[in-house]
Amino acid sequence: SQQGEEDPQALSIQEGENATMNCSYKTSINNLQWYRQNSGRGLVHLILIRSNEREKHSGRLRVTLDTSKKSSSLLITASRAADTASYFCANPHFTGNQFYFGTGTSLTVIP
Amino acid sequence: KAGVTQTPRYLIKTRGQQVTLSCSPISGHRSVSWYQQTPGQGLQFLFEYFSETQRNKGNFPGRFSGRQFSNSRSEMNVSTLELGDSALYLCASSLEGDREQPQHFGDGTRLSIL
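What this report covers is the structure whose coordinates are included nearby.

The rules behind the values
Residues numbered from 1 in each chain as written. Chains lettered and ligands numbered in written order. Predicted model: local features only at pLDDT ≥ 70, side-chain atom pairs only at ≥ 80, totals over all residues. Heavy atoms only, no water. Helix = DSSP H or I, 4+ residues; strand = E, 2+ residues; numbered from the N terminus. Rg over C-alpha atoms; globule rule 2.2 N^0.38 Å. Buried < 20%, exposed > 50% of the residue type's maximum accessible area, 1.4 Å probe, protein only. Lys, Arg positive; Asp, Glu negative; His and termini not counted. Charge placed at Lys NZ, Arg CZ, Asp CG, Glu CD. Disulfide = S-S within 2.5 Å. Salt bridge = Lys/Arg side-chain N within 4 Å of Asp/Glu carboxyl O. Contact = heavy atoms within 4.5 Å. Buried area = accessible area lost by both parts, 1.4 Å probe. Polar contact = N/O pair within 3.5 Å; in protein donor to acceptor, adjacent residues only side chain to side chain.

**Some details on the overall build of chain A**
Okay, so step 1: Assigned secondary structure in chain A consists of zero helices and 11 strands.
Okay, so step 2: From first element to last, N terminus to C terminus, chain A shows the α and β order β-β-β-β-β-β-β-β-β-β-β.
Okay, so step 3: Here chain A has a C-alpha radius of gyration of 13 Å; the compact-globule value for 111 residues is 13 Å, and the two agree.
Okay, so step 4: Here chain A holds 111 residues, and the buried ones make up 46% of them.
Okay, so step 5: The distance from the centre of the 11 positive side-chain charges to the centre of the 9 negative ones in chain A is 7 Å.

In structure tokens, the structure reads:
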């Protein structure tokens, strides 16, 4: 399987704290994308980081990428209850529009 | 702009039956991909259609098939249903199917096999 893994599998924090989740992948990548999935809903694209980038920001989100370690991390700062969701990293197959999704981190933000 | 629409939202079938799921992509999007999501296996790629042609295929048996129409709407068919086919089936669309474009997901069809 070329599926990646997220770590931790589950994370519970208080509102206002920062949440960090990590992703490891197995193949060489062109880019890596992060998605959020609220319970019972589809996935929503959050951010894309290219293989030649090391860090990217979008609002309260900060993503880092280390291609030598085949890993990425997603930091959500000043978390809110509405951030409660599962978070997935995804990397596309190098030659096609086929994405390999990680196993996901379930984040619970307690108000 | 309307998002990706999947119908039906819920389905209950019995073993041996067949089922057809439908996906309407965002207007103008030509690529439609299908994924199976289960607690044990996570998100697994089924196939991708672009301009009515299957362009990529995941590692699923031939019981899983799909097609895309000229208006980019897509259907997925599963024949001879098995208990293990119980899952959330997600459809995603993108403009040109470029791997640097974000995938826009529908809310899925929850398929339960009894």
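**Side note on the state of the cysteines**
Residues and elements named next belong to chain A.
Okay, so step 1: Under the counting rule described, the total for this entry stands at two disulfides over all chains.
Okay, so step 2: Here Cys-23 is linked by a disulfide to Cys-89, with a sulfur-sulfur distance of 2.0 Å. When the S-S torsion is 75°, as for the bridge of Cys-23 with Cys-89, the disulfide is right-handed. Highlighted residues: Cys-23 in strand E3 (residues 19-24) and Cys-89 in strand E9 (residues 85-92), separated in sequence by 66 residues. Across the pair, exposure class does not vary: Cys-23 and Cys-89 are buried alike.

**Regarding the pattern of salt bridges**
Okay, so step 1: This model, assessed by the stated rule, comprises 10 salt bridges over all chains.
Okay, so step 2: The salt bridge partner of Asp-83 of chain A is Arg-60 of chain A, with a shortest N-O separation of 2.9 Å. One end of the pair, Asp-83 of chain A, is in the loop between strand E8 (71-76) and E9; the other, Arg-60 of chain A, is in the loop between strand E6 (55-58) and strand E7 (61-66), and 23 residues separate them in sequence.
Okay, so step 3: By relative accessible area, Arg-60 of chain A is classed as partly exposed at 23%.
Okay, so step 4: If you follow the salt bridges from partner to partner, you end up with Arg-63, Glu-82 and Asp-85 of chain B in one network.

**Focus on the interface of chain A and chain B**
Okay, so step 1: Taken together, the contact between chain A and chain B spans 23 residues of the former and 27 residues of the latter.
Okay, so step 2: In total, about 1,900 Å² of surface goes out of reach between chain A and chain B, with carbon and sulfur atoms giving 44% of it.
Okay, so step 3: The interface formed by chain A and chain B includes two salt bridges.
Okay, so step 4: For Asp-107 of chain B, the salt bridge identified is with Arg-41 of chain A, shortest N-O distance 2.9 Å.
Okay, so step 5: Our count for the contact surface shared by chain A and chain B stands at nine residue pairs in polar contact (both at pLDDT 80 or more).
Okay, so step 6: The set of elements that each furnish at least two residues to the side of chain A that touches chain B consists of strand E4 (31-37), strand E5 (43-50), E9 and strand E10 (99-101) of chain A.

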